[in-house]
Amino acid sequence: VAEGGEVTYKKIQSKQIMGSIQLGIQHTVGSLASKPKRDLLMNDFWEMETISFPPDGSSITPAHHYSDFRFKVYAPIAFRYFRDLFGIAPDDFLMSMCASPLRELSNPGASGSIFYLTDDDEFIIKTVQKKECEFLQKLLPGYYMNLSQNPRTLLPKFFGLYCFHYNSKNVRLVAMNNLLPSDIKMHAKYDLKGSSFRRKASKAERQKASPTFKDLDFAEHHPNGIFLETDKYNALMRTIQRDCMVLESFQIMDYSLLVGIHNLDLAAKEKREERILNARAKLQRKESAAQGPSSLNPDDDAPEADQNQLHTVASYASIPGTSAGTGGAALNRTRSMNRQRLVAHSTALESITADMDMPLEEDEDVPSGGIPARSENDERLILYIGIIDILQSYRLEKKLEHTFKSILYNGDTVSVCRPSFYAKRFQDAMAKQVFKKTPTFPLKHSPSKR
Ligand code: ATP
Ligand code: CA
Ligand code: CA
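Since the model is a prediction, treat every value here as computed from it, not as a measurement.

Attention shifts here to the packing of helix α2 (residues 76-85) against helix α4 (residues 130-149). Closest axis-to-axis distance for the α2/α4 pair is 12 Å, and the angle between their directions is 20 degrees. By the criterion of interaxial angle, the relationship of α2 to α4 is roughly parallel. Viewed along their axes, α2 and α4 form a crossing whose handedness is left-handed. Touching F79, Y81, F82 and L85 of α2 are L140, Y143, Y144 and L147, all from α4. Its residues assigned to classes, the contact of α2 with α4 comprises eight nonpolar, no polar and no charged.

To continue, consider α2. Most of α2 is tucked away: seven of the ten residues are buried. When we look at burial in α2, the residues that qualify are P76, I77, A78, F79, R80, F82 and R83. Those residues of α2 that are buried lie in contact with α1 (14-32), β4 (48-53), β5 (69-74), α3 (90-98), α4 and β9 (158-166). Backbone geometry just downstream of α2 places G87 in the positive-phi region, at approximately 75 degrees.

Right, let's get into the environment of I21. One can find I21 in helix α1. On the basis of relative accessibility, which here comes to 2%, the residue I21 falls in the buried class. For the pair I21 and F71, spaced 50 residues apart in the sequence, the C-alpha separation amounts to 7.5 Å. If we skip the residues at most four places from it in the chain, I21 touches F71, L102, Y116, I125, F164 and L173.

In this section: the pattern of salt bridges. Where charged atoms from two side chains of opposite charge come close, those side chains can pair. For the structure on display, the rule yields 16 salt bridges. Between D191 and R199 there is a salt bridge, with its nearest N and O atoms 2.9 Å apart. When its relative accessible area of 15% is taken as the criterion, D191 is described as buried. Across the pair E220 and K200 runs a salt bridge whose closest N-O atoms are separated by 3.4 Å. Of this pair, E220 sits in helix α6 (residues 215-221) while K200 sits in the loop between β11 (188-192) and α5 (203-206), and the two are 20 residues apart along the sequence. We classify K200 as partly exposed; its relative accessible area is 38%. A cluster of three or more residues bridged by salt bridges with shared partners is formed by D191, R199 and D215.

When you tally the buried positions in strand β10 (residues 169-177), you get seven out of nine residues, the bulk of the element. Taking the residues between adjacent antiparallel strands as the criterion, β9 and β10 are bridged by two residues, where N167 takes a positive phi near 55 degrees.

Procedures and definitions
Residues numbered from 1 in each chain as written. Chains lettered and ligands numbered in written order. Predicted model: local features only at pLDDT ≥ 70, side-chain atom pairs only at ≥ 80, totals over all residues. Heavy atoms only, no water. Axes fitted to C-alpha atoms, helices over the stretch in contact; angles between N-to-C directions. Helix = DSSP H or I, 4+ residues; strand = E, 2+ residues; numbered from the N terminus. Parallel < 35°, antiparallel > 145°, perpendicular 65-115°, else oblique. Left-handed = near helix turned anticlockwise from the far one by under 90°. Contact = heavy atoms within 4.5 Å. Nonpolar A, V, L, I, M, F, W, Y, C, P; charged D, E, K, R; others polar. Buried < 20%, exposed > 50% of the residue type's maximum accessible area, 1.4 Å probe, protein only. Salt bridge = Lys/Arg side-chain N within 4 Å of Asp/Glu carboxyl O. Pairing = 2+ DSSP bridges.

The structure is reproduced here in structure tokens:
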């Protein structure tokens, strides 16, 4: 909610929330370092620790220029264990969380949650409701059991649960993996539930620079689905099935599959166009410098002249170092290397390829970590996916809503319904409508003739 230009949550300035939670996380990770690693015990899941942060500082906390606050850390030892399981070293977690200011994301959800992204793109911090926070606490032992049996999962990876107390208000926050690296352009994003009821992005959402579309939009954009090679398709479906079984056992529903699509062919085209534009701009600058300040506007050039220019720039652009994107590419490479180092088993591809020993394709222009796929027009796609928003349990609150909505609408299409029905519909939609199996990619397919 914006108030006089300031973003607020529960009437607390976002800046205050972001700065305070960084102080809190810094303190908890620091104090954990003095506690030696040990096996996880059952009571570690229920433990919590609250620290006061007076602005003038204390014997254990630094002075700061935010308002007086308290910071509660849920299950610190358990989450340390999870972070360790995911290959996140304490120093790396600290650096990602605290070394640079967090960025706020605009949330397409209806819940009013706020999302913060760490500067290095690794983690997302989401504000959650009290009910969701309590549910995650109860979920932790089962979540732990599932992870130790099956670390390859598309379920959210939870790295911390916190509560920020300020001015008799509580802001509960969960730290998770970020599924969509912001250095890789997502040409489309979908939040899919396998339901059709009201599953269309709002007009306001569609007008955003990078909207999150929903099931009905997907069906419109990809009427024949997205094609995966057989082994990847099978691996993805197996992972979704196992994850849905876990979710169903906790009576969780209303979750989504978040799908970010990077279109390699579109990206290559955009890159070419950008180079041409850059080179053209350079040429124009040169020309106008040569002709002096009184030169004609180059926009008035005849189309023929334009063609000639394009030829010149094509060779121009192929000279290494002339493209304006070079610096960015170098940065991207460092970032993606950092990503590989930090979050092991965490890319979409790794999440589904449990028992496959697939060599990772080392192509300069192909971003790593995503799942290779094809559109029905045979465009090369890279998918970034994960299951999100899993903290709503039917057991806790959905019973009422179900009876109410099922009176109003046909139960089959209402997105709030019994967890087993939800899981089945979700899996069916992913296996039949969203993803399709295709023979190995070199074989061209013509889905329109199928
Ligand atoms: P609602 O309950 O109204 O559905 P919410 O506030 O609980 O919404 P989510 O459903 O968790 O929010 O997420 C909303 C959107 O935020 C997603 O559609 C997605 O675009 C983005 N998002 C959520 N989690 C992640 C994540 N881990 N990585 C990247 N983007 C995410
Ligand atoms: Ca959601
Ligand atoms: Ca939600």
